[in-house]
Amino acid sequence: TGLMIGSAFAKKSPEQEFKKADADKDGVVTFEEFTARDRAKKGDKFKEKGPRKKFDKCDADESGDLNLKEYTKSKVKKTKKNK
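Just so it is clear, the model here is predicted, and its values are computed rather than measured.

About the criteria used
- Starting afresh in each chain, residues are numbered from 1 along the sequence in its written order.
- Residues qualify for local features only when their pLDDT is at least 70, as the model is predicted, and side-chain atom pairs are given and counted only at 80 or more; totals for whole chains, interfaces and linings, by contrast, use all residues.
- In computing side-chain properties, one takes all heavy atoms of the structure into account and sets aside hydrogens as well as water.
- As used in this record, nonpolar core signifies buried Ala, Val, Leu, Ile, Met, Phe, Trp, Tyr and Cys residues forming a set joined through side-chain atoms within 4.5 Å.
- Remark: exposure states derive from per-residue accessible area (1.4 Å probe, protein chains only) relative to the maximum for the residue type, with buried under 20%, exposed over 50%, and partly exposed in between.
- For the purposes of this entry, the term helix denotes a DSSP run of H or I that reaches at least four residues, the term strand denotes a run of E that reaches at least two, and both are numbered from the N terminus.
- Contact criterion: two residues are considered in contact whenever any of their non-hydrogen atoms come within 4.5 Å of each other.
- Note on definitions: salt bridges are taken to be side-chain nitrogens of Lys or Arg within 4 Å of carboxyl oxygens of Asp or Glu.
- The patches reported here contain residues having more than 30% relative accessible area and no salt bridge. Joining distances are 9 Å for like charges and 5 Å for nonpolar side chains (Val, Leu, Ile, Met, Phe, Trp, Tyr).
- In this description, accessible areas are obtained by the Shrake-Rupley approach with a 1.4 Å probe, and a residue is regarded as covered only by the protein chains that are shown.
- All tallies of charge rest on Lys and Arg as positive and Asp and Glu as negative; His and the ends of each chain are not included.
- A charged residue contributes its charge at one atom only: NZ of Lys, CZ of Arg, CG of Asp or CD of Glu.
- Two rings from Phe, Tyr or Trp (for Trp, the six-membered ring) form a pair when their centres are within 6.5 Å of each other. A pair whose planes differ by under 30 degrees is stacked, one over 60 is edge-to-face, and the rest are tilted.

Trainee: Would you mind showing me how to read the nonpolar core here?
Mentor: The biggest cluster of nonpolar side chains holds nine residues, and these are Phe18, Ala21, Val29, Phe31, Phe34, Phe55, Cys58, Leu66 and Tyr71. Listing elements by their share of this core, those giving two or more residues are α2 (14–21), α3 (31–42) and α4 (49–58). When sequence neighbours within four positions are dropped, the list of residues in contact with cysteine 58 reads Leu66, Glu70 and Ser74.

Trainee: Sorry, what's going on with the pattern of salt bridges here?
Mentor: Scanning the entire structure with this criterion turns up two salt bridges. Residue arginine 39 is joined to glutamate 48 by a salt bridge in which the shortest nitrogen-to-oxygen separation is 3.7 Å. When its relative accessible area of 40% is taken as the criterion, glutamate 48 is described as partly exposed. A salt bridge links arginine 52 to aspartate 56, with the nearest nitrogen and oxygen atoms 3.4 Å apart. Taken together, the positions of arginine 52 and aspartate 56, both in helix α4 and four residues apart, correspond to about one turn of that helix. Take aspartate 56: its relative accessible area is 42%, and that puts it in the partly exposed class.

Trainee: I'm lost on a positive patch on the surface in this one. Help?
Mentor: A surface patch of positive charge is lined by Lys12, Lys20, Arg37, Lys41 and Lys42. The dominant element in the positive patch, judged by the number of residues it contributes, is α3, at three residues.

Trainee: Can you walk me through the packing of aromatic side chains in this structure?
Mentor: Under the criterion given, the structure shown has four aromatic pairs. Taking 5.5 Å as the distance between ring centres and 70 degrees as the angle between the ring planes, the aromatic pair formed by phenylalanine 18 and tyrosine 71 counts as edge-to-face. Within this pair, whereas phenylalanine 18 is found in helix α2, its partner tyrosine 71 is found in helix α5 (residues 68–82), the two being separated by 53 residues in sequence. In this structure, phenylalanine 18 and tyrosine 71 share a single accessibility class: buried. Centre to centre, the rings of phenylalanine 34 and tyrosine 71 are 6.4 Å apart; their planes meet at 90 degrees, and the pair counts as edge-to-face. Of the two residues, phenylalanine 34 sits in helix α3 while tyrosine 71 sits in helix α5, which places them 37 residues apart along the sequence. Pair check on accessibility: phenylalanine 34 and tyrosine 71 agree, each one buried. Here a set of aromatic residues connected by ring pairs shows up, and it is made of Phe18, Phe31, Phe34, Phe55 and Tyr71.

The structure is reproduced here in structure tokens:
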């Protein structure tokens, strides 16, 4: 039973986070999908400037959305920065 409880709180891999963020399941994460959690959490206090800058920096191919590789890069940078 302890294993199941621990598993419920285990950190998700970038691939799992990508699948969850890709709300319409089209294989890419749009800026709206990228910021959905923060928008829901912060409501009217959400500021687009910081997340937009990060999103654009990770959008290596300048397609306007993030593929798995680009999304993973955004999560790795966030993790390293937090350490």
